Amino acid sequence: MPRVSEEHLERRRQQILDAAQTCFARKGLHTTTMQDVFAESGLSAGAVYRYFKSKDDIIAALTTEATVDLRAALSEAVYSDPLPTPPELVRAITETVVRLSGPGGPVRLIPQAWALALTDPNIADYVRTSIGGIRRLWVDYAERMRDIGWLPPDADTEAVAKAFIGLLPGFILQFLILGDTDPESFTRGVEQLLPAYRGLPLAEPSPN
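The rules behind these values
Residues numbered from 1 in each chain as written. Predicted model: local features only at pLDDT ≥ 70, side-chain atom pairs only at ≥ 80, totals over all residues. Heavy atoms only, no water. Axes fitted to C-alpha atoms, helices over the stretch in contact; angles between N-to-C directions. Helix = DSSP H or I, 4+ residues; strand = E, 2+ residues; numbered from the N terminus. Parallel < 35°, antiparallel > 145°, perpendicular 65-115°, else oblique. Left-handed = near helix turned anticlockwise from the far one by under 90°. Contact = heavy atoms within 4.5 Å. Nonpolar A, V, L, I, M, F, W, Y, C, P; charged D, E, K, R; others polar. Core = buried A, V, L, I, M, F, W, Y, C linked by side-chain atoms within 4.5 Å. Buried < 20%, exposed > 50% of the residue type's maximum accessible area, 1.4 Å probe, protein only. Phe/Tyr/Trp six-rings, centres within 6.5 Å; stacked < 30°, edge-to-face > 60°. Polar contact = N/O pair within 3.5 Å; in protein donor to acceptor, adjacent residues only side chain to side chain. Lys, Arg positive; Asp, Glu negative; His and termini not counted. Salt bridge = Lys/Arg side-chain N within 4 Å of Asp/Glu carboxyl O. Patch = residues over 30% accessible without salt bridge, like charges linked within 9 Å, V, L, I, M, F, W, Y side chains within 5 Å. Areas by Shrake-Rupley, 256 points an atom, 1.4 Å probe, with all protein chains shown as cover. Charge placed at Lys NZ, Arg CZ, Asp CG, Glu CD.

(A) Highlighting the packing of helix H5 (residues 86-99) against helix H10 (residues 183-193). Where H5 contacts H10, the axes come no closer than 9 Å and their chain directions differ by 160°. By the angle between their directions, the pair H5 and H10 is classed as roughly antiparallel. Remark: the crossing between H5 and H10 carries right-handed chirality. Of the residues in H10, those in contact with Pro86, Pro87, Val90, Arg91, Thr94, Glu95 and Val98 of H5 are Pro183, Glu184, Phe186, Thr187, Val190 and Glu191. Considering only residue class, the contact of H5 with H10 consists of 7 nonpolar, 2 polar and 4 charged.

Spelled out as C-alpha cells, the structure:
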C-alpha cells in the first residue's frame, strides 16, 4: 500500500484544527467536547485521536497558532530599521490583532486560553511558553531603545518589557469585550503617555 504523504497528514491535521476552532468560537473552550470536534470535522474518533490525544492537545495547538502572527508582527517591528517608536509599534500590533479577530478568528481563542490556564496545568504550560516568547521580544525592543538613547543606559529592560507586554492583553480584552477600542485610539493614548517619542529624531547611541 502507498504511504500516506506528509502533505495529506498535514491537511488532515489542519482539518481537525479548523473544525475545533469553529466549535470553540461557537461554544467556547469549556463547553466544546471531542464529540463536537468529531462531528464538525466529519472524522471518526480514531482519526482525530491519531493526531491529538485530547482536547487539551487541540487547545494547545490552536493557542500556539493564534500567537504566531502576533509574534511575527511584533518581531518584524522590533528588529526593523529604523526602530519604531512605542506608538508606531503598538499600532502595528493592534492592527494585527484586529485582522485576526473576525468571527472565528484565532485571537478570539487567546483570552479563553488565558482563563483556562488558571485551572488547567497542561494549558498553563503552553500559555506560559507563548507569553514568555512574546515578552522576550519586548526585552529585545527595550534593549534597542536603550542602545539608541531612548532609555537611560542603566534602564531595567526586563521591567520595561513587563510593562510593555501588558498593553497587548489590555487591547485584546477591550477590543473583544467592550468593543469601543481601536488601533487609532489606543495608539493615541500611548502617544499621550509617551510624548517624548512624537516624531523626535533618534538619539545618538549610548557609549559602550
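Here the narrative resumes, following the displayed structure.
(B) Spotlight on the nonpolar core. Within the largest apolar cluster, 33 residues are counted, with the highest numbers of intra-cluster contacts made by Leu74, Leu89, Val97, Val107, Trp138, Tyr141 and Met145. Secondary-structure elements contributing two or more residues to this core are helix H4 (55-78), H5, helix H7 (121-147), helix H8 (157-165), helix H9 (167-178) and H10. Ranked by residue count, the leading element in this core is H7, at 7 residues. With residues up to four places along the chain from it excluded, the contact list for Trp138 reads Leu74, Leu89, Ala161, Phe164 and Ile165.

(C) Representation of the packing of aromatic side chains in the model. Evaluated as defined, the whole model comprises 6 aromatic pairs. Taking 5.7 Å as the distance between ring centres and 65° as the angle between the ring planes, the aromatic pair formed by Tyr141 and Phe164 counts as edge-to-face. Of this pair, Tyr141 sits in helix H7 while Phe164 sits in helix H8, and the two are 23 residues apart along the sequence. Relative to Phe175, the ring of Phe171 lies with its centre 5.7 Å away and its plane at 15°, an arrangement referred to as stacked. On the criterion of helical spacing, the pair formed by Phe171 and Phe175 is a turn pair, its members being 4 residues apart in helix H9. Judged by relative accessible area, which is 0%, Phe171 ranks as buried.

(D) Local environment of the environment of Tyr79. Position of Tyr79 relative to the elements: it lies in the loop between H4 and H5. For the pair Tyr79 and Val139, spaced 60 residues apart in sequence, the C-alpha to C-alpha distance is 12 Å. With residues near it in sequence (within four places) discarded, Tyr79 still touches Leu137, Asp140 and Arg144. At 2.4 Å, the side chain of Tyr79 forms a polar contact with the side chain of Asp140.

(E) A look at the side chain of Asp56. Note that Asp56 resides in helix H4. With no salt bridge to any partner, buried Asp56 finds its closest opposite charge in Lys55, at an N-O distance of 6.4 Å. Sequence-distant contacts of Asp56, defined by excluding residues within four places in its chain, comprise Asp120, Asn122 and Ile123.

(F) Representation of unusual backbone geometry. Cis geometry is adopted by the peptide bond preceding Pro82, which originates at Asp81 and carries an omega value of 0°. Relative to the helices and strands, Pro82 resides in the loop between H4 and H5.

(G) Spatial organisation of the packing of H4 against H7. Taken N-terminus to C-terminus, the directions of H4 and H7 make an angle of 5°; their axes are 9 Å apart at the nearest point. The orientation of H4 relative to H7 falls into the category roughly parallel. Seen from H4, the contacting residues are Asp56, Ile59, Ala60, Thr63, Thr64, Thr67, Arg71, Leu74, Ser75 and Val78; seen from H7, they are Asn122, Ile123, Tyr126, Val127, Ser130, Gly133, Ile134, Leu137, Trp138, Asp140, Tyr141 and Arg144. The residue makeup of the contact of H4 with H7, split by class, is 11 nonpolar, 7 polar and 4 charged.

(H) Main features of a negative patch on the surface. Residues Glu6, Glu10, Asp18 and Glu65 make up a contiguous surface patch of negative charge. The leading source of residues in the negative patch is helix H1 (residues 6-27), at 3 residues. You can see Asp18 is positioned in helix H1.

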